[in-house]
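Per-entry structural report
One letter stands for each residue in the lines below.
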Amino acid sequence: MALDQKQWSEEEHDVVQRIRKRVIEVVGRNMELYGVTLSTGHLYGLLFFADKPMTLDEMGSEMQMSKTSMSTGVRTLLDLNMVNKVWEKGSRKDLYEVEYDWYQTFTDYFANEWRRAVESNLQALRRAMKEIERLLEAPDTSEFIADVLKKDLEKIRQADRYYRWLDRLIDTMEDGSIFDLVPRET
């Protein structure tokens, strides 16, 4: 968290660092939500408070971790669109900075994860509905089994409606209209 030490006292520096470390720890722990390890969450926190884009070497030095660990963490954060690679004139090394638009990061990540789950679940539900309908039409299906299947079919249709609703919610996240319904804080 490279800050110019000449502009403030050691006590001021210590206070700011203590506050930052507390925030970084909380952010790091909560990054589990995104499937991110604690150390990668801490890396995100480091970049969040950085005054300028950082190289892998700078991050490794600051966090006392290997360049390989930093590279793995940064790659994870890049894949999640939580960090951006930036270009800086005169620098030969890759530089990274945090994506400050947490709203977009959230919607991108969860829309992607939820979309994958919705598609998989809808496919399974539709297969089950077809199978139940086939069994209900079969002449050798007993009345007892038909009653059970009809109840199951209604439950599956209810789940299908939920996943179609979730699909529409994901659409609002992807097209940004979610922010018309739940505006961003300014």
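Nothing here was measured: the structure is a model prediction, and the numbers come from that model.

**Description of the overall build of the chain**
When you go through the chain residue by residue, the secondary structure sums to seven helices and two strands. In summary, the chain has a C-alpha radius of gyration of 25 Å against a globular reference of 16 Å for 186 residues, an excess of more than 25%. In terms of principal-axis extent, the alpha carbons of the chain reach across some 85 × 35 × 35 Å. Considering only contacts within the chain whose residues lie at least 6 apart along the sequence, 57% involve residues at least 24 apart. Accessible area for the chain stands at about 12600 Å²; split by element, carbon and sulfur atoms hold 52% of it. Placing the 27 positive and 35 negative side-chain charges of the chain at their respective mean positions leaves the two points 3 Å apart.

**Looking at the pattern of salt bridges**
Once the charged atoms of two side chains with opposite charge are near each other, the side chains can pair. One pass over the structure, following the stated rule, counts 15 salt bridges. Ionic pairing is found between Glu113 and Arg116, a salt bridge with its closest N-O pair at 2.4 Å. Of this pair, Glu113 and Arg116 are both found in helix 5 (residues 102-137), three residues apart, which corresponds to roughly one turn of the helix. For Arg116, a relative accessible area of 48% translates into the label partly exposed.

**Section: the packing of aromatic side chains**
Summed over the entire model, instances satisfying the criterion amount to twelve aromatic pairs. Arranged with centres 6.1 Å apart and planes meeting at 85°, the rings of Tyr103 and Phe179 form a pair that is edge-to-face. With a gap of 76 residues between them, Tyr103 in helix 5 and Phe179 in helix 7 (residues 178-181) connect regions that are remote in the sequence. Measuring from ring centre to ring centre gives 4.7 Å for Phe106 and Phe110, while their planes differ by 45°; the resulting arrangement is tilted. Of the two residues, Phe106 and Phe110 are both situated in helix 5; the distance of four residues between them amounts to about one turn of the helix. Every member of this aromatic cluster is reached through a ring pair, and the members are Tyr34, Phe106, Tyr109, Phe110 and Trp114. Positioned over the ring face of Phe179 is Arg184, at 4.0 Å from the centre of the ring.

**Considerations on the nonpolar core**
Met31, Tyr34, Leu43, Tyr44, Met59, Leu77 and Met82 are the most contacted members of the largest nonpolar core, which has 38 residues in total. Residue assignment for this core shows that the elements contributing at least two residues are helix 2 (38-49), helix 3 (56-63), helix 4 (67-79), strand 2 (95-98), helix 5, helix 6 (143-175) and helix 7. The element best represented in this core is helix 5, accounting for eight residues. Beyond its immediate chain neighbours, meaning those up to four positions away, Leu43 contacts Met59, Met63, Met70, Gly73, Val74 and Leu77.

**So, a nonpolar patch on the surface**
A cluster of nonpolar residues, Val15, Ile19 and Val23, forms a patch on the protein surface that exposes about 200 Å² of accessible area. Structurally, Val15 is set in helix 1 (residues 10-30). When its relative accessible area of 33% is taken as the criterion, Val15 is described as partly exposed.

**Some remarks on the packing of helix 1 against helix 2**
Packing of helix 1 against helix 2 brings their axes to within 7 Å, and their N-to-C directions diverge by 135°. Judged by the inter-axis angle, helix 1 sits oblique to helix 2. As for the relative orientation of helix 1 and helix 2, their crossing is right-handed in sense. Contact residues: Arg20, Val23, Ile24, Glu25, Val27, Gly28 and Arg29 in helix 1; Leu38, Gly41, His42, Tyr44, Gly45, Leu46 and Phe49 in helix 2. For the contact of helix 1 with helix 2, the class distribution of residues is seven nonpolar, four polar and three charged.

**Focus on helix 5**
Here helix 5 is 36 residues long and its end C-alpha atoms lie 51 Å apart, about the 52 Å a rise of 1.5 Å per residue gives. Listed as buried for helix 5 are Thr105, Thr107, Tyr109, Phe110, Ala111, Arg115, Val118, Leu122, Leu125, Met129 and Ile132. Next to the buried residues of helix 5 lie helix 6 and helix 7. For helix 5, the side-chain oxygen to backbone nitrogen distance between the N-cap and Tyr103 is 3.2 Å, and the N-cap itself is Asp101.

**Observations regarding the side chain of Thr40**
When you line up the elements, Thr40 lands in helix 2. Judged by relative accessible area, Thr40 falls into the buried class, the value being 8%. Aside from chain neighbours lying at most four places away, what touches Thr40 is Gly73, Thr76 and Leu77.

The rules behind the values
- Residues numbered from 1 in each chain as written.
- Predicted model: local features only at pLDDT ≥ 70, side-chain atom pairs only at ≥ 80, totals over all residues.
- Heavy atoms only, no water.
- Helix = DSSP H or I, 4+ residues; strand = E, 2+ residues; numbered from the N terminus.
- Rg over C-alpha atoms; globule rule 2.2 N^0.38 Å.
- Contact = heavy atoms within 4.5 Å.
- Areas by Shrake-Rupley, 256 points an atom, 1.4 Å probe, with all protein chains shown as cover.
- Lys, Arg positive; Asp, Glu negative; His and termini not counted.
- Charge placed at Lys NZ, Arg CZ, Asp CG, Glu CD.
- Salt bridge = Lys/Arg side-chain N within 4 Å of Asp/Glu carboxyl O.
- Buried < 20%, exposed > 50% of the residue type's maximum accessible area, 1.4 Å probe, protein only.
- Phe/Tyr/Trp six-rings, centres within 6.5 Å; stacked < 30°, edge-to-face > 60°.
- Lys NZ or Arg CZ within 6 Å of the ring centre and 35° of its normal.
- Core = buried A, V, L, I, M, F, W, Y, C linked by side-chain atoms within 4.5 Å.
- Patch = residues over 30% accessible without salt bridge, like charges linked within 9 Å, V, L, I, M, F, W, Y side chains within 5 Å.
- Axes fitted to C-alpha atoms, helices over the stretch in contact; angles between N-to-C directions.
- Parallel < 35°, antiparallel > 145°, perpendicular 65-115°, else oblique.
- Left-handed = near helix turned anticlockwise from the far one by under 90°.
- Nonpolar A, V, L, I, M, F, W, Y, C, P; charged D, E, K, R; others polar.
- Expected span 1.5 Å × (residues − 1).
- Polar contact = N/O pair within 3.5 Å; in protein donor to acceptor, adjacent residues only side chain to side chain.

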